[in-house]
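Structural characterization, general
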Amino acid sequence: MEITPAMVMQLRNETGLPMMECKQALIASQGDKDKAIEWLRRKGMGQVTKRAARETTEGRIAVHVDAQRGRAAIVELLCETAPVANTKDFIDLAAQIARHAAELDAPTPESVLDQPLLDNSGRKLQDYMHDAINRIRENIRITHVGTLTGHIGHYLHHNAQVGVLVEMSAEAPEALKADVCMQIAAMRPVCARREQVPAELVEVERRLATEQAQGKPANIIEKIVEGKLNRWYAELVLVEQPFVKDDKKTVGQVLREAAPNLTVQRFLRYEVGQE
């Protein structure tokens, strides 16, 4: 069967792959477009395996929020080079992964990729990702993925290198949720509230503070230790940090001014290349 330029162009438009590869696929498939697509996918799978060992140090963060359902997801997707991280193919892939992750309560990279495509249940997200890798020609991997539910705020830095999701205890103004997210992005708290700090970390910090205060009267030692612990909490705990827009107030005070019992339940902060 003759493989015409029009046939090659149609396959290229559907797959986004180079003309010569599309022509090879049509020749191998005797002009059958569906078989040619499968031929290209099988070839692409082999390339995915070959690229898997390549180092991935660039990428972007993607966020998906479904406000009506109270579900949100955030993902870190890595690739090999910075230019690829800013291509439409890579941006669309990151967005699709976040969208599918939002459907799961405790997503992992493996469980997200195993999901049927929301727009085509006959294929999985893994297939969509393999097609993207075949076009992009770099190793691509999901390194972090997480979800939150309820009253959600979100922030994505303009270069998509940092992203934040925050889960509030109740509904809050969008501007306030955005401010809290930007606080998390800039100040890197470890926990939302004091009770979420691991007890073993608190004990280590208390012991160090006590050792540093030795030689003082017992009642003074107690005050010194509590003061050191409070300053330590103010660095680690979101609601105890000075608010970046008004450092005379803590984040917790700003939240309570908006609503008496308003606080932050949980948050997720992802930064490209950071654990």
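Along each chain, the written sequence defines residue order, and numbers are assigned to residues from 1. Where totals are concerned, whole chains, interfaces and linings use all residues; where local detail is concerned, this predicted model gives features only for residues with pLDDT of at least 70, and gives and counts side-chain atom pairs only at 80 or more. Side-chain measures here rest on the full set of heavy atoms in the structure, leaving out hydrogens and waters.

The 3 strands lie next to each other as β6-β7-β10, forming an open sheet whose pairing is antiparallel. The sheet is open, and its two borders are formed by β6 (151-156) and β10 (264-271), each paired with just one other strand. Within this sheet the neighbouring strands show an average axis-to-axis angle of 10°, counted without direction. Here, a strand pair is defined by DSSP locating no fewer than two bridges between the strands. Secondary structure elements are taken from DSSP: a helix is a run of H or I of four residues or more, a strand is a run of E of two residues or more, and numbering for both begins at the N terminus. Relative to strand β7 (residues 162-168), β6 runs antiparallel, the two being bridged by 6 bridges. Counterpart to H154 in the pairing with β7 is L165. Axis angles are defined between N-to-C directions and span 0 to 180 degrees, where every axis is a line fitted to C-alpha atoms and, for a helix, only to the segment in contact.

Attention now moves to the confidence of the model for the protein. A score between 0 and 100, pLDDT records how confident the predictor is in each residue. Of all residues in the protein, 92% attain a pLDDT of 70 or more, and the chain-wide mean is 88. Within the protein, the element-level pLDDT minimum falls on helix α3 (residues 33-51), averaging 63, and the maximum on β7, averaging 98.

As a packed pair, helix α9 (residues 199-212) and helix α10 (residues 218-236) sit with axes 9 Å apart at the nearest point and diverge in direction by 135°. Classified by the angle between their axes, α9 and α10 sit oblique to one another. Like other packed secondary-structure pairs, α9 and α10 cross with a definite hand, here right-handed. Where α9 approaches α10, its residues L201, V202, E205, R206, A209, T210 and Q212 are matched on the opposing element by I221, V225, E226, K228, L229, W232 and Y233. Its residues assigned to classes, the contact of α9 with α10 shows 8 nonpolar, 2 polar and 4 charged. Throughout this description, any angle smaller than 35 degrees is read as roughly parallel, any larger than 145 degrees as roughly antiparallel, any in the 65 to 115 degree range as roughly perpendicular, and the remainder as oblique. Note: crossing handedness is left-handed where the near helix turns anticlockwise from the far helix by less than a right angle, and right-handed where it turns clockwise. Pairs of residues are marked as contacts when any of their non-hydrogen atoms sit within 4.5 Å. Each residue gets one label: Ala, Val, Leu, Ile, Met, Phe, Trp, Tyr, Cys and Pro are nonpolar, Asp, Glu, Lys and Arg are charged, and the others, such as Gly, are polar.

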